[in-house]
Amino acid sequence: MTIKEAQELVDAWGDKHAIRHNELANMALLTEEIGKLARRYGEHAADPRFRGEATDEIGDILWALIGVANQTGVDLTAALIRALERKSEESEAPSGRKA
């Protein structure tokens with residue numbers, strides 16, 4: 001599945017289940033899901049079963065992030081490409097300086 005297809009899937013899911021939150025509620029949900037992952041990681045990172053918990057939490061984070069992106073009109077594919085370009089420029093900049 002492409003990122004675009006994931007954005008379309010989450011949008012269709014919201015339509016099907018008549019679930020629409022405002023942007024502030026979706027940001028709170030995203031923050032909550034990131035907090036859950038951080039808490040699980042802190043508690044269970046050494047436990048081999050953590051991978052399954054992490055998979056669930058990361059899936060929830062992705063779902064919430066896509067919801068925020070859809071509401072704000074952000075194309076996540078373009079956003080990721082821009083982020084990778086910025087990170088590449090930063091890593092190529094002289095030590096101690098950001099591009």
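Note that the coordinates shown come from a computational prediction; the quantities given were computed from them, not determined experimentally.

Rules used in this analysis
- Residues numbered from 1 in each chain as written.
- Predicted model: local features only at pLDDT ≥ 70, side-chain atom pairs only at ≥ 80, totals over all residues.
- Heavy atoms only, no water.
- Helix = DSSP H or I, 4+ residues; strand = E, 2+ residues; numbered from the N terminus.
- Rg over C-alpha atoms; globule rule 2.2 N^0.38 Å.
- Buried < 20%, exposed > 50% of the residue type's maximum accessible area, 1.4 Å probe, protein only.
- Contact = heavy atoms within 4.5 Å.
- Core = buried A, V, L, I, M, F, W, Y, C linked by side-chain atoms within 4.5 Å.
- Salt bridge = Lys/Arg side-chain N within 4 Å of Asp/Glu carboxyl O.
- Phe/Tyr/Trp six-rings, centres within 6.5 Å; stacked < 30°, edge-to-face > 60°.

### Observations regarding the overall build of the chain
Assigned secondary structure in the chain consists of four helices and zero strands. Listing the helices and strands of the chain from first to last along the sequence gives α-α-α-α. Over its C-alpha trace the chain gives a radius of gyration of 17 Å, far above what one expects of a compact globule, namely 13 Å for 99 residues. If you line up the chain on its principal axes, its C-alpha atoms span 50 × 40 × 25 Å. For the chain, the proportion of its 99 residues judged to be buried stands at 20%. Across the chain, contacts joining residues at least 24 apart in sequence account for 64% of those joining residues at least 6 apart.

### Some words on the nonpolar core
Counting residues in hydrophobic clusters, the biggest one holds eight residues: Leu29, Leu30, Leu37, Phe50, Ala54, Ile61, Ala64 and Val68. Within the residue set of this core, elements represented by two or more residues are α2 (23-44) and α3 (50-72). The greatest single-element share of this core, amounting to five residues, is contributed by α3. With residues near it in sequence (within four places) discarded, Leu29 still touches Trp63 and Ala64.

### Some points on the pattern of salt bridges
If charged atoms from side chains of opposite charge come close, those side chains can pair. Enumeration over the complete set of coordinates arrives at five salt bridges. Here Arg40 ties to Glu53 by a salt bridge, and the two come within 3.4 Å at their closest N and O atoms. Placement of the pair is Arg40 in helix α2 and Glu53 in helix α3, with a sequence separation of 13 residues. Judged by its relative accessible area of 25%, Arg40 falls in the partly exposed class. Residue Glu57 is joined to Arg40 by a salt bridge in which the shortest nitrogen-to-oxygen separation is 3.7 Å. Remark: Arg40 occurs in helix α2 and Glu57 occurs in helix α3; sequence separation between them is 17 residues. Judged by its relative accessible area of 7%, Glu57 is buried. A single network of salt bridges, built from pairs that share partners, joins Glu32, Glu33 and Lys36.

### Re the packing of aromatic side chains
By the definition in use, this model includes two aromatic pairs. When the centroid spacing of 5.6 Å and the interplanar angle of 90 degrees are considered together, the rings of Trp13 and Trp63 count as edge-to-face. Here Trp63 lies in helix α3 and Trp13 lies in helix α1 (residues 3-16), a separation of 50 residues in the sequence. Overall, Trp13 belongs to the partly exposed group, its relative accessible area being 34%.

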